[in-house]
Amino acid sequence: MPPKRRGPLQTVQRETDDIKRKVDALVQHAAKPDALDRTEILERCKELQRAVEEIMKTLKKLSKADEPAPVGNYDQSKREEETRLLTLHERLQSLALQLQPHDEMAGPSSSQTDQESEEENSDEEDESSEDEDAEEEVKDDYDNDDDDNADSGDEDIGPTATGQGSVSYIALSAFTGEEEGDLSIQKGEVLRVLSKNKDGWWLAQNSKGQKGLVPKTFLKMSFPQDSERENENEDEGESEEEEEDPDIKSRKTSNWNTVRKAVTEIDATDVLSAMGAIPPGFRPSTLSRLLEEGRSYRASHFIQPKLGQSQLSFKDLHMDPDTGKVHGRPSRVSLTLTLWSCRMIPPPGVGLQVLSRHVRLCAFNGTQVLSNIHTVRATYNSKSPKTWSFSPRMTGMLPCLLDGDCFLRYDSESPDLGILFELGVTYIRNSTGERGDLSCGWAFLKLFNESGAPITLRTQELTVHGGTPFEKDTMDTTSIKRGYPTGVFQQMLLSRKIPKLVVKLKSVNTRSRELLNLLPDTIVGSLSTIHLLATYRQILADALLLDRVTMCNADLICSSVLASFPDVLDQPDLMDAFRKSWTESESNLRRSDKRDINVLKQMFVSIYMGSVFPLLYSAEMPTPCWADEEVESQRAHIIYSPYQKTSVKTLLSSQCSHQAFDIIQVTYDLISSAQH
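Since this is a predicted model, take the numbers as computed values, not measurements.

### Quick look at the overall build of the chain
Item 1. In terms of regular secondary structure, the chain is built from 22 helices and 21 strands.
Item 2. Here the analysis covers contacts within the chain between residues at least 6 apart in sequence; of these, 71% occur between residues at least 24 apart.
Item 3. Split by element, the accessible area of the chain, about 35,300 Å² in all, is 49% carbon and sulfur.

Here you go:
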């Protein structure tokens, strides 16, 4: 019987096992007191490092199709091997630091070291364009870097003005070492770079003589004039603000500061980029940062009435005197859309566990977010890692968080008005447990053409760009375009490899248009909730326009529905529970009652107080936490518990506990709630 053929992945696993045995033996030998030949051990350490790098290159080129026979959990096995190789490389790097002679503290001086550095960096430039792209993006983010300072790539280290054999760099941000061999640094600290490694971690030495590894994205080359510039900036301070460009001043009225922070801030994302854990074009999520700033970009804020210029009347909430209903207000933009799919979206690399893939959308004019930010979670299939889909087919009611059918209303004459889509992932870093939000790219759909006419409502294939809306960089296409023929067929093949977001714009039917016209002039949300939002607006209009003694009266209004429903609107699982109870009750109504607004208002209050309100203030209900599977499961267990039936049983049951009563749970404050 012929021997069983060994697959490429199995070969890599055996080679990794062999390297591990050699590393273990080398570490034990170096720890012996009689190990005097440190130079020989150091040379052996470098040979093993090169062997690990070669195996890593081979592993990255492997695919499932290379295997002669099916391999179970292929992707997971491949990730495990990458993790093992990274661990071995870090052990060897740490050992090399311990063995390095003390006279090399000032940096490499031999011609052999310089030659090796040149060879390594030339190989790196030829083998991977991703590091170059990441470097260029970091350079662009810092306006203080001039052409001479664009030497943040892995180039040969030359002597500085001080005559020493290493280059001085300034730390752009503080970095705390996470593993053995890392060097903790403070912002503004001057360091000497001793060597530059291919993986983006540089060997540096501080003023105290301590040395270790630092991410290259945290460093900027130091020049003598840098300190002079810093002193000038401190002395001039306010005078620079007075001479600010008018265009920059106008941006202060928008959320430019938040976006600027997302573009330029050095954080864990830059470290992940330097380590190759995320593809080029990924950035900290801009829209996630805006959502974290409070309620300014949440639906709970935009559902509230907007005060007019006099602050004594409402701009977007009026009653029809003939019918007693809310007067419908058409907006310049009132449409529905369906998120269809995302194609060719590169996944994060090793070391990150993805908790959620989602798309955030809002009204946008090129410089400012104009509406609330609505989130739709994508469904993911490991067999197609670069494809996202929406609105999965499932039994029962589709959760609004997964529903790709959305609506958008905005009333503005801006010629650049459109919809901003940000593709994002929420991740957790396996080594540290750190959570974060990344933008995988963005797309913008302009809703009006050059002549001011609305665009045609049809299916749109939008190109996904890397970076942020303020730094246009088509994701992962530079390597595709290089050397590619310009023929029609080749261009068609190229277009299939560019990341795309497929969105279908649809006209609004008569019934949906009637409901949308009852909503605020500006709001984005799930199409499955518009009937609840429209009914809430009717209850809100009754309390603010009919039941108040005068329009100048701003006393607190006793209404649990008005006080708490906006908070429920920001919690999709509670909205799903509300929709479920509403659908069950509505199915028992007569056809005439389904169009009677008074019947619907009474049913709204009854269902809300009987099912949702007790859950909102339940002491057992965990605080919402985005993309936390454990918290979401606990909340679902409580929401659909058999004890959640009627308000009386729930409030008086000994099996349920509630938060301490607060007057804000039952009082609506017009002054603090209304949009100004």
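### Side note on the packing of aromatic side chains
Item 1. As enumerated under the stated definition, the model contains 14 aromatic pairs in all.
Item 2. For the ring pair phenylalanine 578 and phenylalanine 604, a centre distance of 5.0 Å and an interplane angle of 70° mean the geometry is edge-to-face. With phenylalanine 578 in helix H18 (residues 572-586) and phenylalanine 604 in helix H19 (residues 597-616), this pair connects stretches of sequence that are 26 residues apart. Each member of the pair, phenylalanine 578 together with phenylalanine 604, is buried.

### Observations concerning unusual backbone geometry
Item 1. For serine 391, which is not glycine, the phi dihedral falls at a positive 50°.
Item 2. Mapped onto the elements, serine 391 comes out in the loop between strand E11 (388-389) and strand E12 (405-410).
Item 3. Despite not being glycine, alanine 627 shows a phi value in the positive range, around 60°.
Item 4. Counting through the fold element by element, alanine 627 comes out in the loop between H19 and helix H20 (629-639).

### Concerning the side chain of arginine 537
Item 1. Relative to the helices and strands, arginine 537 is located in helix H16 (residues 530-546).
Item 2. When near neighbours in sequence (up to four residues on either side) are disregarded, arginine 537 contacts Ile303, Gln304, Pro305, Asp316, Leu317, Val326, Leu518, Leu519 and Pro520.

### Topic: helix H17 (residues 560-569)
Note: α-helices contain 3.6 residues per turn, so residues at a spacing of three or four share the same orientation.
Item 1. Where burial is concerned, most of H17 is hidden: 9 out of the 10 residues are buried.
Item 2. Ser560, Val561, Leu562, Ala563, Ser564, Phe565, Pro566, Val568 and Leu569 are the residues of H17 that are buried.

### Some details on helix H1 (residues 8-31)
Item 1. Look at H1: 35 Å from first C-alpha to last across 24 residues, which is about the 34 Å you get at 1.5 Å a residue.
Item 2. Within the span of H1, buried status applies to Leu9, Val12, Thr16, Ile19, Val23 and Leu26.
Item 3. Those residues of H1 hidden inside the fold are in contact with helix H2 (38-61) and helix H3 (74-99).

### Side note on the side chain of histidine 358
Item 1. Secondary-structure assignment places histidine 358 in strand E8 (residues 352-364).
Item 2. Within polar-contact distance, the side chain of histidine 358 engages the side chain of serine 356 at 3.0 Å.
Item 3. Setting aside residues up to four positions removed in sequence, histidine 358 forms contacts with Thr375, Val376, Arg377, Ala378, Trp388, Glu422, Leu423, Gly424, Val425, Thr426, Asp437 and Trp626.

### Side note on the nonpolar core
Item 1. Phe604 and Tyr608 are the most contacted members of the largest nonpolar core, which has 53 residues in total.
Item 2. Elements supplying a minimum of two residues to this core: helix H12 (299-302), helix H15 (510-516), H16, H17, H18, H19 and H20.
Item 3. For this core, the element with the most residues is H16, which contributes 10 residues.
Item 4. In this structure, phenylalanine 604 is in contact with Leu532, Thr535, Tyr536, Ile539, Val561, Phe565, Phe578 and Trp582, ignoring residues within four places of it in sequence.
Item 5. Judged by nonpolar contacts, the second largest core, of 38 residues, contains Leu337, Val359, Trp388 and Val503.

### A few points about a nonpolar patch on the surface
Item 1. On the surface, a nonpolar cluster with roughly 360 Å² of combined accessible area is contributed by Phe661, Ile663 and Ile664.
Item 2. Residue classification places phenylalanine 661 among the exposed positions, given a relative accessible area of 61%.

### Some words on the packing of H16 against H18
In helix packing, the relevant descriptors are the interaxial angle and the interaxial distance, both defined with respect to the helix axes.
Item 1. Direction vectors running N to C along H16 and H18 enclose 90°, while the axes themselves pass 11 Å from each other. Classified by the interaxial angle, the pair formed by H16 and H18 is roughly perpendicular. For the pair formed by H16 and H18, the contact residues are His531, Leu532 and Thr535 on the first element and Met575, Phe578, Arg579 and Trp582 on the second.
Item 2. Grouping the amino acids of the contact of H16 with H18 by side-chain chemistry returns 4 nonpolar, 2 polar and 1 charged.

### A few points about the environment of cysteine 440
Item 1. The topology assignment puts cysteine 440 in strand E14 (residues 435-446).
Item 2. For cysteine 440, a relative accessible area of 1% corresponds to the buried category.
Item 3. Here the alpha-carbon distance between cysteine 440 and glycine 424, two residues 16 residues apart in the chain, equals 5.2 Å.

### Considering the pairing of strand E18 (residues 500-506)
Item 1. Counting buried residues in E18 gives 5 out of 7 residues, a clear majority hidden from the surface.
Item 2. In terms of strand pairing, strand E7 (residues 333-343) meets E18 through 7 bridges, oriented antiparallel. Residue pairing for E18: serine 341 is matched across the bridge by valine 502.
Item 3. As paired elements, strand E15 (residues 459-463) and E18 share 5 bridges and run antiparallel to each other.

### A short note on the environment of proline 284
Item 1. Positionally, proline 284 belongs in strand E6 (residues 283-284).
Item 2. For the pair proline 284 and threonine 468, spaced 184 residues apart in the sequence, the C-alpha separation amounts to 8.8 Å.

### Section: the pattern of salt bridges
Item 1. Applying the stated criterion across every chain, the model contains 23 salt bridges.
Item 2. Where salt bridges share partners, they join Asp17, Glu81 and Arg84 into one cluster.

### Topic: the environment of tyrosine 380
Item 1. Note that tyrosine 380 resides in strand E10 (residues 379-380).
Item 2. As for tyrosine 380 and arginine 357, which are separated by 23 residues in sequence, their C-alpha atoms are 7.7 Å apart.
Item 3. Among residues more than four places away in sequence, those in contact with tyrosine 380 are Arg357, Pro385 and Thr387.

### Considerations on the pairing of E7
Side-chain positions along a regular strand alternate between the two faces of the sheet.
Item 1. Taken across its 11 residues, E7 has 9 buried, putting it largely inside the fold.
Item 2. Where E7 lies against E11, 2 bridges are found, and the strand directions are antiparallel. Within E11, the residue paired with cysteine 342 across the bridge is tryptophan 388.

### A look at the confidence of the model for the chain
Item 1. Across the chain, pLDDT averages 77, with 74% of residues at or above 70.
Item 2. Overall, residues 223-254 carries pLDDT values under 50, and its contacts beyond four positions in sequence, including any with other chains, amount to 17 contacts.
Item 3. Taken together, the stretch residues 262-266 has pLDDT below 50 and engages in 14 contacts with residues farther than four places along the chain or on a different chain.

Cut-off values and rules
- Residue indices begin from 1 for each chain and proceed along its sequence in written order.
- Thresholds applied to this predicted model are a pLDDT of at least 70 for local features of residues and 80 or more for the giving and counting of side-chain atom pairs; totals over whole chains, interfaces and linings are not thresholded and use all residues.
- Note that the side-chain values use all heavy atoms of the structure and ignore hydrogens as well as water.
- Segments assigned H or I by DSSP are reported as helices when at least four residues long, segments assigned E as strands when at least two residues long, and all are numbered from the N terminus.
- By definition, residues are in contact when any of their heavy atoms lie within 4.5 Å.
- Only the protein chains shown count as covering a residue, and every accessible area follows the Shrake-Rupley method with a 1.4 Å probe.
- Only rings of Phe, Tyr and Trp enter the pairing, Trp through its six-membered ring, and a pair is recorded when the two centres are within 6.5 Å. The plane angle decides the type: under 30 degrees is stacked, over 60 is edge-to-face, the rest tilted.
- Here the term buried applies to any residue with accessible area under 20% of the maximum for its type, exposed to any over 50%, and partly exposed to those in between, with areas from a 1.4 Å probe on protein chains only.
- Expected span of a helix, by definition, is 1.5 Å for each gap between consecutive residues, and there is one gap fewer than residues.
- What qualifies as a polar contact is a pair of N or O atoms within 3.5 Å, subject to a donor-acceptor requirement within protein and to the restriction that residues adjacent in sequence count only when both atoms come from side chains.
- To define a nonpolar core, start from buried Ala, Val, Leu, Ile, Met, Phe, Trp, Tyr and Cys residues and group those joined through side-chain atoms within 4.5 Å.
- The residues that make up patches have over 30% relative accessible area and no salt bridge, and they are joined within 9 Å when like-charged or within 5 Å when they are Val, Leu, Ile, Met, Phe, Trp or Tyr.
- By convention in these notes, a salt bridge is any Lys or Arg side-chain nitrogen within 4 Å of a carboxyl oxygen on Asp or Glu.
- The axes used here are C-alpha line fits, helices contributing only the stretch in contact, and every angle between their N-to-C directions lies in the interval 0 to 180 degrees.
- Orientation labels follow simple angle bins: below 35 degrees gives roughly parallel, above 145 gives roughly antiparallel, 65 to 115 gives roughly perpendicular, and whatever is left gives oblique.
- When residues are grouped by polarity, Ala, Val, Leu, Ile, Met, Phe, Trp, Tyr, Cys and Pro land in nonpolar, Asp, Glu, Lys and Arg in charged, and all others, Gly among them, in polar.
- Criterion used throughout: strands pair if DSSP finds at least two bridges between them.
- Known as pLDDT, the predictor's per-residue confidence is scaled from 0 to 100.

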